[in-house]
Amino acid sequence: MRVYNFSAGPSMLPEEVLKKVQAEFLDYNGSGMSVTEMSHRSKVFDEIHNEAIANFKDLMGIPENYTVLFLQGGASTQFEAVPLNLLVKGKADYIVTGNFANKAYKEAQKYGDIACAASSKDKNYTFIPETKKSDFREDIDYVHITTNNTIFGTTYNKLPETDAVLVADMSSNILSREYNVSDFGLIYAGAQKNIGPAGLTIVIIRNDLIGHAMDICPTMLKYETQAKDNSLYNTPPCFSIYVAGEVFKYLKGIGGVKAINEINVYKAGLLYDYIDESDFYFNPVEKPYRSIMNVPFVTPSTELDAQFVAEASKAGLVSLKGHRLVGGMRASIYNAMPVEGVKALVEFMKKFELQNK
Ligand SMILES: *Cc1c(COP(=O)(O)O)cnc(C)c1O
């Protein structure tokens, strides 16, 4: 039996995609082999790869002057690749809105003059700090933000205003809502939350930012290396790219990012409305900054939280335990979580409240 998996990542994939992948697993499109067995230099893989890039560009509305890279190493490797490639003047400002944002900030400090322009740490990352242009330093190479904070359940509904290049870690909300790619110089995301299987990391970079990496930058981390070879400098994560490509086709089929965003807003609304109505459950995030992807909540006690997670799991609602930094519960309701999954969770919450209030 398939369960509703609320994991923060890796997370659910559309069932339709999983079934298609299963059907094609032994013999991809008459090739007589599985994509897992295929040379990354073969014609058949080349088509899978280029079609995935084209569909992704289409979904995100990526302008001509940007390059899409399919890399490995997770978003965490980009915490280093970004400063190694983009620090030319040697200065960058970071907005620290959570654990991953802080990791990115810390990693960058090895490579230049890095400042924290704003942080929400004083309130345990339950909001997004509002910034003005003047909060950023002069002569910086970029401003780094995390568009959706996976652990704390916050998101930017308005991007910070800056004349500097904006760099975004979009790991946990890419393709969940429309973005204007030209607002950014660089976007990166690990695939395992909203795109496909772990192993693939996507970078979208404005072309003029390619080719300025520091000498010490490892060859594999240079965007120039990867851009020159269409991300085939070495063996790419072929199977993850293929499954991601199927997710892109599926998303296009249902109406693209705009359509999935409407569903996401509806799903998150069901959950937040119930939490707000109830005096048993509580979400700590300030309302304007609530994420539609990750919804943390607590019951009145840590004992009840543990009981909730255990009983929910028995009812087929799994991986609801909150991150160790926050405690309580967290429902990650990415693109592939069906509306029925969120409805089932809300029904379970109602029942649990009645039984334990
Ligand atoms: C999960 C996550 C990461 C870490 O991603 P890896 O691919 O595991 O390195 C970084 N940033 C954000 C916002 C995330 O949600």
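From a predicted model like this one, the values you see are computed outputs, not experimental measurements. (Residues numbered from 1 in each chain as written. Predicted model: local features only at pLDDT ≥ 70, side-chain atom pairs only at ≥ 80, totals over all residues. Heavy atoms only, no water.)

Quick notes on the pattern of salt bridges
Taken as a whole and judged by the stated rule, the model has 21 salt bridges. Of the charged contacts in the structure, one is a salt bridge between Lys-132 and Asp-135, with a shortest N-O distance of 3.7 Å. By relative accessible area, which is 51% here, Lys-132 ends up exposed. Among the salt bridges present, the one from Glu-347 reaches Lys-350, with a minimum N-O distance of 3.6 Å. Of this pair, Glu-347 and Lys-350 both sit in helix H9 (residues 339–356), three residues apart, which is roughly one turn of that helix. Given the relative accessible area of 47%, Glu-347 is considered partly exposed. A relative accessible area of 35% places Lys-350 in the partly exposed class. Residues participating in the shared-partner salt-bridge network are Lys-20, Glu-24, Glu-51, Glu-246 and Lys-249. (Salt bridge = Lys/Arg side-chain N within 4 Å of Asp/Glu carboxyl O. Buried < 20%, exposed > 50% of the residue type's maximum accessible area, 1.4 Å probe, protein only. Helix = DSSP H or I, 4+ residues; strand = E, 2+ residues; numbered from the N terminus.)

Looking at the site of the ligand
If you check the shell around the ligand, you find 13 residues, and the closest are Ser-76, Thr-150, Asp-169, Gln-192 and Lys-193. Here an oxygen atom of the ligand sits 3.0 Å away from a polar atom, N or O, in the main chain of Ala-75. Within the contact set of the ligand, an oxygen atom lies 2.9 Å away from a side-chain nitrogen or oxygen of Gln-192. Among the elements that make up the shell around the ligand, the one with the highest residue count is helix H3 (residues 74–86) (four residues). Across the shell around the ligand, the residue classes break down as three nonpolar, eight polar and two charged. (Near = heavy atom within 4 Å. Polar contact = N/O pair within 3.5 Å; in protein donor to acceptor, adjacent residues only side chain to side chain. Nonpolar A, V, L, I, M, F, W, Y, C, P; charged D, E, K, R; others polar.)

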